[in-house]
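Chains, contacts and geometry: an overview
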Amino acid sequence: MASLSSSAVPSHPVIFTTQTPYALPSQKFMIPLDWKRYQLSQLINKALDLPKPIPFDFLVHGEILRVSLLEWRAEKGVGEEDTLEIEYFESVMPPQRMSELPHEDWVSSVSCRIPQHFLTASYDGHLRLFDYSQNLVLDASVHQSPITSVCVVPSPSSDTESRVLASSSHDLTACLTRISLNLESPTASTIASLHLHTSPLSSISTDASGSHLLTSSWDGLIGVWDTSVPDDHQVNLERNDDRKKRRKTATANIKRKAPIAVLKSHTARVSKALFAAGELAKGKAYSCGFDSTVRTWDVESGVCINTINVPERPMLDLAETPDGNVLLAASTDRTVSIFDLRVSSLSSSTGVMMHPATPSCISPSESGKHQVVTGSYDGIARLWDLRSTKGAVASFRVWDGMKVLAVDWVGDVVGIGGEGGMEVWRIAGGS
């Protein structure tokens, strides 16, 4: 047993574990009780004789250690002789601002899913594509009212130059727009419009295969759509559609699509609907709304199979961790509710992440299943670790006096949209 304590400071027996490549030999250490994260990280680095220092964080009983071992032990009531098992992992470096992409109007949705590009959707009805050098590659006028959401539809094709984008809008429609990233002359053309809703649309999302879409709306409905483009219109134009819209639709030959199913159960506006992640959840979807519920759907039958009521917590956004184990819902009561889907007969949230201002958007990390970024109306984005949610791991102010409305995290790149346009940040490290 390695003792690191001076006679004046009591110590506690500890065994270290890790899932990183930086494993210590299995042995028990006597750790001084006044040690905190920094001293423990120094110990790991010295014991491994690492050529370049690597900062580590520490998990004790599933929580990140933020105080001294003495304070932690007193809070948890752990006995002096109980050996602690402490897991360590690489710390997340402070987020860094990489670039700014100014817009004349608010940016409601962003995507980092097209390699080497950033996609934005704006209140002026435009979709814009920027490259990593901040050059505007494409600017397409798609909707006649503010766009609320955009996603990149996955394609089985190996063609990397052509992509289909799905967008939703206050103009009561969603659209499919094909873009070509030909280096000489990139182009964009809207190929289909989706018609169902009688109130503004709040979101659009795709399944992993790119074969189906979900739309959500203030009318309380969720539309289920396939992504094929029909040969003929499936929906007639309403008589009260203005002539300008009819002329635009006719000249562009945009096919009007009808949904393949409609999901009805919400009693107020629906904020977000998304397909469940993972093979085991195939055919399921989740949604949240202003009726303070999170609902689970069997998409094929169109039936709501579970409802979680969280009273007086109208919800603005919903996200799922890549492993399909956790749902996160942002609410107007300044919380992000955590729902552990592994809990049988789940009927309420299993935890919350408290915010000083209303959180509007959520993006879990694809590479680190325990981490998530939230954006709030106070202009601040926050990085959280789901293993310890008493406080954010890091906060980074994006704008002063302007709301964050959208966030997307891919790799180490985080795209943030809002009233100040779009900014690109980098988050490196972590597990």
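Each value, and the rule that gives it
- Residues numbered from 1 in each chain as written.
- Predicted model: local features only at pLDDT ≥ 70, side-chain atom pairs only at ≥ 80, totals over all residues.
- Heavy atoms only, no water.
- Helix = DSSP H or I, 4+ residues; strand = E, 2+ residues; numbered from the N terminus.
- Rg over C-alpha atoms; globule rule 2.2 N^0.38 Å.
- Buried < 20%, exposed > 50% of the residue type's maximum accessible area, 1.4 Å probe, protein only.
- Contact = heavy atoms within 4.5 Å.
- Lys, Arg positive; Asp, Glu negative; His and termini not counted.
- Charge placed at Lys NZ, Arg CZ, Asp CG, Glu CD.
- Pairing = 2+ DSSP bridges.
- Salt bridge = Lys/Arg side-chain N within 4 Å of Asp/Glu carboxyl O.
- 1 Å grid on protein atoms, 1.4 Å probe; cavity = no way out; pocket = protein on both sides within 12 Å on 5 of 7 lines; lining within 4 Å.
- Points joined across faces, edges and corners; volume = space filled by probe spheres on them.
- Axes fitted to C-alpha atoms, helices over the stretch in contact; angles between N-to-C directions.
- Core = buried A, V, L, I, M, F, W, Y, C linked by side-chain atoms within 4.5 Å.
- pLDDT = per-residue confidence, 0-100.
- Expected span 1.5 Å × (residues − 1).
- Phe/Tyr/Trp six-rings, centres within 6.5 Å; stacked < 30°, edge-to-face > 60°.
- Lys NZ or Arg CZ within 6 Å of the ring centre and 35° of its normal.

In this section: the overall build of the protein chain. Across its full length, the protein chain carries 3 helices and 35 strands. In terms of C-alpha radius of gyration, the protein chain reaches 24 Å, essentially the compact-globule figure of 22 Å for 431 residues. Seen through its C-alpha atoms, the protein chain measures out along the principal axes to roughly 85 × 50 × 40 Å. The buried share of the protein chain, reckoned over its 431 residues, is 51%. Restricting to contacts in the protein chain with at least 6 residues of sequence separation, those with at least 24 account for 50%. Taking the 39 positively charged and 48 negatively charged side chains of the protein chain as two groups, their mean positions are separated by 4 Å.

All right, on to the pairing of strand β10 (residues 126-131) then. Among the 6 residues of β10, 6 are classified as buried, and the element is accordingly described as predominantly covered. Of the two faces of β10, the one holding His126, Arg128 and Phe130 and the one holding Leu127, Leu129 and Asp131 are both buried throughout. In this antiparallel pair of consecutive strands, strand β9 (residues 117-122) and β10, the connection spans 3 residues, and Gly125 shows a positive phi of 85 degrees. Here β10 runs beside strand β11 (residues 136-141); their pairing, made up of 5 bridges, is antiparallel. Bridge pairing in β11 links Phe130 to Leu136. Where β10 hands over to β11, the hairpin turn is made up of 4 residues, of which Gln134 adopts a positive phi near 70 degrees.

Another aspect to go through is the pattern of salt bridges. For side chains bearing opposite charge, pairing can occur when the charged atoms are close. By the definition in use, this model includes 18 salt bridges. In this structure, Lys76 and Glu75 form a salt bridge, with 3.8 Å as the shortest nitrogen-oxygen distance. Within this structure, Glu63, Glu75, Lys76 and Lys390 form a network of salt bridges that share partners.

One pass over the full model with this rule turns up 1 cavity of 30 Å³ or more. Approximately 60 Å³ is the volume attributed to the largest cavity. Lining of the largest cavity is provided by Leu119, Leu127, Arg128, Leu129, Leu138, Asp139, Ala140, Val142, Leu165, Thr177, Ile179 and Ala188. Listed by contribution, the elements that provide at least two residues to the lining of the largest cavity are β10, β11 and β14 (173-180).

As summarised here, the arrangement of the 4 strands in space is β21-β22-β23-β24, forming an open sheet in which the pairing is antiparallel. The open sheet has two free edges, formed respectively by β21 (270-275) and β24 (303-309), since each of these has just one partner strand. Ignoring which end each strand starts from, the neighbouring axes of this sheet average 20 degrees apart. Bridge analysis of β21 against strand β22 (residues 284-289) gives 5 bridges, and the strand direction is antiparallel. Among the inter-strand pairings, Phe275 is bridged to a residue of β22, identified as Ala285.

Turning our eyes to something else, we now look at unusual backbone geometry. Phi is positive for Gln116, close to 65 degrees, though the residue is something other than glycine. With respect to the helices, strands and loops of the structure, Gln116 is situated in the loop between β8 (107-111) and β9. Positioned with a positive phi, Ser292 is a non-glycine residue whose angle comes to about 60 degrees. Its place among the elements puts Ser292 in the loop between β22 and β23 (293-298). Residue classification places Ser292 among the buried positions, given a relative accessible area of 8%.

Note on soluble globular proteins: their nonpolar side chains tend to be buried together. One finds Phe16, Ile31, Phe58, Leu84 and Ile86 to be the most contacted residues of the largest nonpolar core, which totals 22 residues. Residue assignment for this core shows that the elements contributing at least two residues are β2 (11-18), β3 (28-32), α1 (37-48), β4 (56-60), α2 (69-76) and β6 (84-90). Trp399, Val404, Trp409 and Ile427 belong to the second-largest nonpolar core, a separate cluster that totals 16 residues.

To continue, consider the confidence of the model for the protein chain. For the protein chain, per-residue confidence averages 90 on the pLDDT scale, and residues scoring 70 or more make up 94% of the total. This stretch, residues 243-251, has a pLDDT under 50; its non-local contacts, to residues over four places away or in other chains, come to 12 contacts.

The next point concerns the pairing of strand β34 (residues 413-418). A large share of β34 lies buried, amounting to 6 of its 6 residues. Note that strand β33 (residues 404-410) and β34 share 6 bridges and pair antiparallel. By the bridge assignment for β34, Val410 is matched with Val413. Pairing of β34 with strand β35 (residues 421-426), which is carried by 6 bridges, proceeds in the antiparallel orientation. Bridging from a neighbouring strand, Gly415 pairs with Val424 of β35.

If you check α1, its first and last C-alpha atoms are 17 Å apart, about what 12 residues at 1.5 Å a residue would give, namely 16 Å. Leu40, Ser41, Leu43, Ile44 and Asn45 are the residues of α1 that are buried. Elements that come into contact with the buried residues of α1 comprise β2, β3, β4 and β6. Positive phi appears at Asp49, one or two residues downstream of α1, with a value of about 55 degrees.

We now examine the packing of aromatic side chains. The final tally for this structure, using the stated rule, is 9 aromatic pairs. Seen in terms of ring centroids, Tyr22 and Phe56 are 6.1 Å apart; in terms of plane orientation they differ by 70 degrees. Their pairing is edge-to-face. Here Tyr22 is found in the loop between β2 and β3, whereas its partner Phe56 is found in strand β4, with 34 residues between them in sequence. We classify Tyr22 as partly exposed; its relative accessible area is 26%. What makes Phe56 buried here is its relative accessible area of 0%. Cluster of aromatic residues (ring-pair linked, three or more members): Phe16, Tyr22, Phe29, Phe56, Phe58 and Tyr88. Above the face of the Trp218 ring, Arg269 is positioned so that its terminal group lies 3.9 Å from the ring centre. A cation over an aromatic ring shows up here: Lys403 above the ring of Tyr377, its NZ or CZ 4.4 Å from the ring centre.

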